Amino acid sequence: MESEYSYKERKVISIGAVSELTGLSERQIRYYEERKLIFPSRSNRGNRKYSFSDVERLIDIANKREEGVRTDEIRMEYKKEKTREDRETRKKMIQGQLNARFMTQKNGKRFS
């Protein structure tokens, strides 16, 4: 069974479908890519492919732009978010390693 994360991150949606889903023009979508706000993959033929997460991000970008937020400000906000998420992930990994180590010492057993 695949996790929700994997399907949301799979880059399978064409720029035309993303345009329909978001209400943004293809030109706007390419512009946000140029501004390093989204990162589509490319098919063998060079066509851009987007994920459901990209669609959600584009909607968020469009909303922020309507509120007057500049693209460089949006990019900085996303960088800060990513840094926070990375720290939290690292913290959880370390905590898990400590818990596993503590449990093996406490029980005198080793996990394989």
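As a reminder, the structure under discussion sits directly above these lines.
Predicted model, so just to flag it, every value in this text is computed and none were measured.

Chemist: What should I look at first to understand the packing of helix H2 (residues 15–22) against helix H4 (residues 52–66) in this one?
Modeler: The description of two helices packed together rests on the angle between their axes and the distance between the axes. One can describe the packing of H2 onto H4 by two numbers: an axis separation of 10 Å at closest approach and a directional angle of 45°. As judged from the angle between their axes, H2 and H4 are oblique. In the packing of H2 onto H4, the handedness of the crossing is right-handed. Residues Val 18, Leu 21 and Thr 22 of H2 lie in contact with H4, whose contacting residues are Val 55, Leu 58 and Ile 59. Classifying every residue of the contact of H2 with H4 gives five nonpolar, one polar and no charged.

Chemist: What is the right way to look at the side chain of Asp 54 in this model?
Modeler: Note on placement: Asp 54 falls in helix H4. Reaching out from Asp 54, the side chain makes a polar contact with the backbone nitrogen of Ser 51 at a distance of 2.9 Å.

Chemist: Please explain the nonpolar core as it appears in this structure.
Modeler: Considering soluble globular proteins, one finds that nonpolar side chains tend to be buried as a cluster. Counting residues in each nonpolar core, the largest one holds 15 residues, and the members touching the most others are Val 18, Ile 29, Tyr 32, Ile 38, Tyr 50, Leu 58 and Ile 61. Going through the elements one at a time, H2, helix H3 (26–34), H4 and helix H5 (71–107) are the ones with two or more residues in this core. At four residues, H4 tops the list of elements feeding residues into this core.

Chemist: Can you help me understand the packing of H2 against H3 in this one?
Modeler: Two numbers describe how H2 lies on H3: the axes approach to 9 Å, and their chain directions differ by 105°. Classified by the interaxial angle, the pair formed by H2 and H3 is roughly perpendicular. Only Glu 26, Ile 29 and Arg 30 of H3 make contact with H2, whose side of the interface consists of Ile 15, Gly 16, Val 18, Ser 19 and Thr 22. Residues of the contact of H2 with H3, tallied by class, amount to three nonpolar, three polar and two charged.

Reading guide: rules and limits
- Residues numbered from 1 in each chain as written.
- Predicted model: local features only at pLDDT ≥ 70, side-chain atom pairs only at ≥ 80, totals over all residues.
- Heavy atoms only, no water.
- Axes fitted to C-alpha atoms, helices over the stretch in contact; angles between N-to-C directions.
- Helix = DSSP H or I, 4+ residues; strand = E, 2+ residues; numbered from the N terminus.
- Parallel < 35°, antiparallel > 145°, perpendicular 65-115°, else oblique.
- Left-handed = near helix turned anticlockwise from the far one by under 90°.
- Contact = heavy atoms within 4.5 Å.
- Nonpolar A, V, L, I, M, F, W, Y, C, P; charged D, E, K, R; others polar.
- Polar contact = N/O pair within 3.5 Å; in protein donor to acceptor, adjacent residues only side chain to side chain.
- Core = buried A, V, L, I, M, F, W, Y, C linked by side-chain atoms within 4.5 Å.
- Buried < 20%, exposed > 50% of the residue type's maximum accessible area, 1.4 Å probe, protein only.

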